[in-house]
Amino acid sequence: MRHLNENLNVYSPQTAIGLLVAHDKLWTSQVLSAANVRTPLTVFAVRSNHVAFAIEKAGGLPVVAKQLTGSQGAGVSILETPLAANTTLESFHKANIPMKLQRFVKARNSNSGSPTDIRAIVVGDEVVSAMERTASQGDFRANLSKGGYGRTIDLSSDETSMCIKATKAVGLEFAGVDLIREKMGHTYVTEVNGNPGTGIIDITKKNHFIDLVKYIETKSKKNEKVLTSLPDNDDKQQENKEEAPIGKYRELLTKESEAKLNYNEIGVLTFFKKKYSKKYSKRREIF
Ligand SMILES: Nc1ncnc2c1ncn2[C@@H]1O[C@H](COP(=O)(O)OP(=O)(O)O)[C@@H](O)[C@H]1O
Ligand SMILES: [Mg+2]
């Protein structure tokens, strides 16, 4: 992706940094929190020396322990007793597998009494499809690949905005966002998937790849016009004469000049600068 975006200037709704952030569950939590997207309280401990302290910080038992990378529910565990928590975290730390602890969000149950979560597909500024997943009997993970089943649902307008905001915050324009509706409370974003599974298409009968291709066509046409005309960051005069390029890039440059960038935005801006500054805009053939 870095090669396509930065060297060949090929447009993609996914950025290299966006995929890196989405791939790392701790980084995703940090970025979502910094962007004010509601995400379950998360604690990270490098060693297992103070398990009880870390668990208390994450809201007490039961607590969810997640490996920082992984998908389809693999690497996501629930720790229900102090002994299970101590021994499990000790084993993972001993094996040098970093884990994050996350507050267990008691999800709304389906009619069958099992916990549910939501997968929503975001393309640009829209949620194009969404399903509620119900965990299989006895599990708390609602992933379809773990035997969960899905049904089409509508999101509230708040939930829709959360999904779009979460996707943008990690630096993506296409993503599968996971949400949990708390039994008595709010909706939380638990993760953003940069390469979401296609199981949702069979359930909602909505092929989001059609929306995605249309979106890419529109964006890449727009981008063809702006790529060569994008100014260097320090070339302010020329910049003023240019037609507005990519909105987000401009917005970040303004924020930078006002020293208002957050942690995630600094990363995204660095990437944009590399991608769009004149120095990089010529194609460099390296193969
Ligand atoms: N904090 C949480 N509280 C309760 N259930 C959770 C929590 N986080 C995840 N889950 C459940 O576990 C499943 C897998 O977690 P997720 O973070 O999406 O990892 P994966 O990348 O493996 O899908 C979710 O779909 C949800 O059903
Ligand atoms: Mg998930």
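Look above for the structure.
Just so we're clear, the structure is a prediction, and the values are computed from it rather than from any experiment.

*Asks:* Describe the sheet that holds strand β8 (residues 174-181), naming the residues involved and giving the relevant values.
*Replies:* Strand order in the open sheet made by the 5 strands is β7-β6-β5-β8-β9, with antiparallel pairing throughout. In the strand order of this sheet, the two ends are held by β7 (149-152) and β9 (187-193), each with one partner. The average undirected angle you get between the axes of adjacent strands in this sheet is 30°.

*Asks:* Let's hear about the pattern of salt bridges: which residues, and what values?
*Replies:* Scanning the model with the defined rule gives 13 salt bridges in all. A salt bridge links E191 to K25; the nearest nitrogen and oxygen atoms lie 3.6 Å apart. With a gap of 166 residues between them, E191 in strand β9 and K25 in helix α3 (residues 25-34) connect regions that are remote in the sequence. We classify E191 as buried; its relative accessible area is 12%. Across the pair E182 and R103 runs a salt bridge, and its minimum N-O distance is 3.1 Å. Of this pair, E182 sits in the loop between β8 and β9 while R103 is found in strand β4 (residues 99-103), placing the two residues 79 residues apart along the sequence. Judged by its relative accessible area of 13%, E182 falls in the buried class. Given the relative accessible area of 22%, R103 is considered partly exposed. Members of the salt-bridge network, linked through shared partners, are D117, R119, R133 and D178.

*Asks:* How would you explain the packing of helix α2 (residues 16-23) against α3 if you had to name every residue and give the values?
*Replies:* It is the contact of α2 with α3, at a shortest axis distance of 5 Å, that shows an interaxial angle of 105°. Judged by the inter-axis angle, α2 sits roughly perpendicular to α3. The segment α2 lies against α3, with I17, L20, V21, A22 and H23 engaging K25, W27, T28 and V31. Of the residues assigned to the contact of α2 with α3, the class counts are 6 nonpolar, 2 polar and 1 charged.

*Asks:* Before we move on, could you go through the environment of G113 and cite the residues and values that matter?
*Replies:* Looking at where G113 falls in the secondary structure, it is placed in the loop between β4 and β5 (116-123). Once the C-alpha coordinates of G113 and Q137 are considered, the two residues, 24 residues apart in sequence, prove to be 8.6 Å apart.

*Asks:* So what's going on with the nonpolar core? Residues and values would help.
*Replies:* In terms of nonpolar packing, the biggest core is built from 34 residues, with V127, L155, C163, L179, V189 and V192 touching the most fellow members. Here this core gets 6 residues from one element, more than from any other, and that element is helix α6 (residues 157-170). Mapping this core onto the domain boundaries places at least three of its residues in each of domain 1 (1-22 + 105-228) and domain 3 (235-286). Counting 13 residues, the second-largest nonpolar core is a separate cluster that includes V43, A58, L89 and M99.

*Asks:* Describe the packing of aromatic side chains, naming the residues involved and giving the relevant values.
*Replies:* Throughout the structure, instances matching the rule amount to 2 aromatic pairs. The interplanar angle of 55° and the centroid separation of 6.3 Å between the aromatic rings of F174 and F209 together place this pair among those described as tilted. Residue F174 is found in strand β8, and its partner F209 is found in helix α8 (residues 208-227); the two are separated by 35 residues along the sequence. By relative accessible area, F209 is classed as partly exposed at 33%.

*Asks:* Please give an account of a nonpolar patch on the surface that cites residues and values.
*Replies:* A contiguous nonpolar patch, built from M1, L4 and V10 and spanning about 220 Å² of accessible area, is present on the exposed surface. By the secondary structure assignment, M1 is in the segment before α1 (2-7).

Analysis parameters
Residues numbered from 1 in each chain as written. Chains lettered and ligands numbered in written order. Predicted model: local features only at pLDDT ≥ 70, side-chain atom pairs only at ≥ 80, totals over all residues. Heavy atoms only, no water. Pairing = 2+ DSSP bridges. Helix = DSSP H or I, 4+ residues; strand = E, 2+ residues; numbered from the N terminus. Axes fitted to C-alpha atoms, helices over the stretch in contact; angles between N-to-C directions. Salt bridge = Lys/Arg side-chain N within 4 Å of Asp/Glu carboxyl O. Buried < 20%, exposed > 50% of the residue type's maximum accessible area, 1.4 Å probe, protein only. Parallel < 35°, antiparallel > 145°, perpendicular 65-115°, else oblique. Contact = heavy atoms within 4.5 Å. Nonpolar A, V, L, I, M, F, W, Y, C, P; charged D, E, K, R; others polar. Core = buried A, V, L, I, M, F, W, Y, C linked by side-chain atoms within 4.5 Å. Domains from an automatic or database assignment. Phe/Tyr/Trp six-rings, centres within 6.5 Å; stacked < 30°, edge-to-face > 60°. Patch = residues over 30% accessible without salt bridge, like charges linked within 9 Å, V, L, I, M, F, W, Y side chains within 5 Å. Areas by Shrake-Rupley, 256 points an atom, 1.4 Å probe, with all protein chains shown as cover.

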